[in-house]
Amino acid sequence: MKSMLLQVNEHNTKASAEIDEIRCFLEKIKYNVGERILLVGRIGSLGKRLRMYGTSVTILEDSNYEDVCYSLVHNENCNVVKGTLEYLPFEDNYFDKLIVVDQLDEIQNFKKASSEIRRVLKNEGDLIIEDLNFKNFKVKLEYLKDRFCGFHSKFYYPHEVFNAFLNLNFEGKLEEFRTNKYIYIGKRR
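What counts and how
Residues numbered from 1 in each chain as written. Predicted model: local features only at pLDDT ≥ 70, side-chain atom pairs only at ≥ 80, totals over all residues. Heavy atoms only, no water. Pairing = 2+ DSSP bridges. Helix = DSSP H or I, 4+ residues; strand = E, 2+ residues; numbered from the N terminus. Axes fitted to C-alpha atoms, helices over the stretch in contact; angles between N-to-C directions. Contact = heavy atoms within 4.5 Å. pLDDT = per-residue confidence, 0-100. Buried < 20%, exposed > 50% of the residue type's maximum accessible area, 1.4 Å probe, protein only. Right-handed = clockwise from strand over helix to strand, strands pointing away. Phe/Tyr/Trp six-rings, centres within 6.5 Å; stacked < 30°, edge-to-face > 60°. Lys NZ or Arg CZ within 6 Å of the ring centre and 35° of its normal. Core = buried A, V, L, I, M, F, W, Y, C linked by side-chain atoms within 4.5 Å. Parallel < 35°, antiparallel > 145°, perpendicular 65-115°, else oblique. Left-handed = near helix turned anticlockwise from the far one by under 90°. Nonpolar A, V, L, I, M, F, W, Y, C, P; charged D, E, K, R; others polar.

- Per an unreviewed UniProt entry, the recorded name for the protein chain is SAM-dependent methyltransferase, and the organism is Metaclostridioides mangenotii.

### Section: the sheet that holds strand β2 (residues 56-61)
At step 1: Spatial strand order, β3-β2-β1-β4-β5-β7-β6: 7 strands in an open sheet with mixed pairing. The open sheet terminates on both sides in strands that have one partner only, identified here as β3 (79-82) and β6 (170-176). Taking the axes of each pair of neighbouring strands and ignoring which way they run, one obtains an average angle of 15° across the sheet.
At step 2: The pairing of strand β4 (residues 95-101) with strand β5 (residues 121-132) spans 6 bridges and is parallel. Bridging from a neighbouring strand, Lys97 pairs with Asp126 of β5.
At step 3: Contacts between helix α5 (residues 110-120) and the sheet are confined to β4, β5, β6 and β7 (181-188), with β5 contributing the most and set at about 140° to the helix.
At step 4: The sheet contacts of helix α7 (residues 158-166) involve β5, β6 and β7, and relative to β6 the element is tilted by about 170°.

### Side note on the confidence of the model for the protein chain
At step 1: Per-residue confidence for the protein chain gives a mean pLDDT of 83, with 79% of residues at or over 70.
At step 2: Below a pLDDT of 50 lies the segment residues 6-15, which in the model reaches 18 contacts outside its immediate sequence neighbourhood of four places, other chains included.

### Quick look at the pairing of β2
At step 1: Most of β2 is tucked away, with 5 of its 6 residues classed as buried.
At step 2: Here strand β1 (residues 36-41) pairs with β2 via 5 bridges, running parallel. Within the sheet, the bridge partner assigned to Leu39 lies in β2 and is Ile59.
At step 3: Remark: the β1/helix α3 (residues 46-51)/β2 crossover connection has right-handed handedness.
At step 4: Examined bridge by bridge, β2 and β3 share 4 bridges and lie parallel to one another. Residue Thr58 lies in a different strand from β3, and its bridge partner there is Asn79.

### Observations concerning unusual backbone geometry
At step 1: Positive phi, close to 70°, is recorded for Asn77, a residue that is not glycine.
At step 2: Note that Asn77 resides in the loop between α4 (70-74) and β3.
At step 3: Positive phi values are uncommon outside glycine, yet Asn169 reaches one of about 65°.
At step 4: With respect to the element layout, Asn169 can be found in the loop between α7 and β6.

### Here's the deal with the packing of aromatic side chains
At step 1: Per the stated rule, a full pass over the model turns up 12 aromatic pairs.
At step 2: Look at Phe134 and Tyr157: their rings are 5.1 Å apart centre to centre, the planes differ by 70°, and that puts the pair in the edge-to-face class. One end of the pair, Phe134, is in the loop between β5 and α6 (137-148); the other, Tyr157, is in the loop between α6 and α7, with 23 residues separating them in the sequence.
At step 3: Residue classification places Tyr157 among the partly exposed positions, given a relative accessible area of 24%.
At step 4: Ring pairs connect the aromatic residues Phe110, Tyr156, Phe162, Phe165, Phe170 and Tyr184, which therefore count as one cluster.
At step 5: Between Lys140 and the ring centre of Phe134, over which it is positioned, the NZ or CZ distance is 5.8 Å.

### Structural notes on the nonpolar core
At step 1: Within the largest apolar cluster, 26 residues are counted, with the highest numbers of intra-cluster contacts made by Leu98, Leu104, Leu127, Ile129 and Phe165.
At step 2: Within the residue set of this core, elements represented by two or more residues are β1, β4, α5, β5, α7 and β7.
At step 3: Apart from residues no more than four positions distant in its own chain, Leu104 is found in contact with Phe110, Ile129, Asp131, Lys154, Tyr156, Val161 and Tyr182.

### Some words on the packing of α5 against α7
At step 1: Between α5 and α7, the shortest axis-to-axis distance is 10 Å and the interhelical angle comes to 50°. In this view, α5 runs oblique relative to α7, as classed from their interaxial angle. Classified by chirality, the crossing of α7 by α5 is right-handed. Taking contact as the criterion, the partners of Phe110, Ser114 and Ile117 in α5 are, on α7, Val161, Ala164 and Phe165.
At step 2: Of the residues belonging to the contact of α5 with α7, the class tally is 5 nonpolar, 1 polar and no charged.

Set out below in structure tokens:
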């Protein structure tokens, strides 16, 4: 079955070669009926698409959504739970898959967040992280602009993410793309 993560970010990419690279890499991700999936970050309508495959989708919403919750607007029939990656309000070993899209720069404590990710994923559960690659010059400029404007974002190099989850007994693969993205796919052991 084709990965839905690709469809979230296709509109952000302009180079068809990069889209082909991402499509090839993400086709390895399979979704099964009844799986519990946690989505975090800028997910677009990914939850709605995953629900069409018969999965149970929960979206972690960390914004203040008293007026409008965009996760609910774009992802009907999904559960939306307020929280952060550092303090996941779920039972241990609850999710089959956890997908994080463009969210790591907003984490205050990466070590705590990675431990929480491990805690809520089942053994043999899949972790998929798609984020900006700090090796890219444009990403570094964006980071400097944010710092200058008073934001306290922190970008992580792909190898830092890979090593952090390797230390938590994840077996994974990292794919860096020519422009400004990388994808990490890991399995909890």
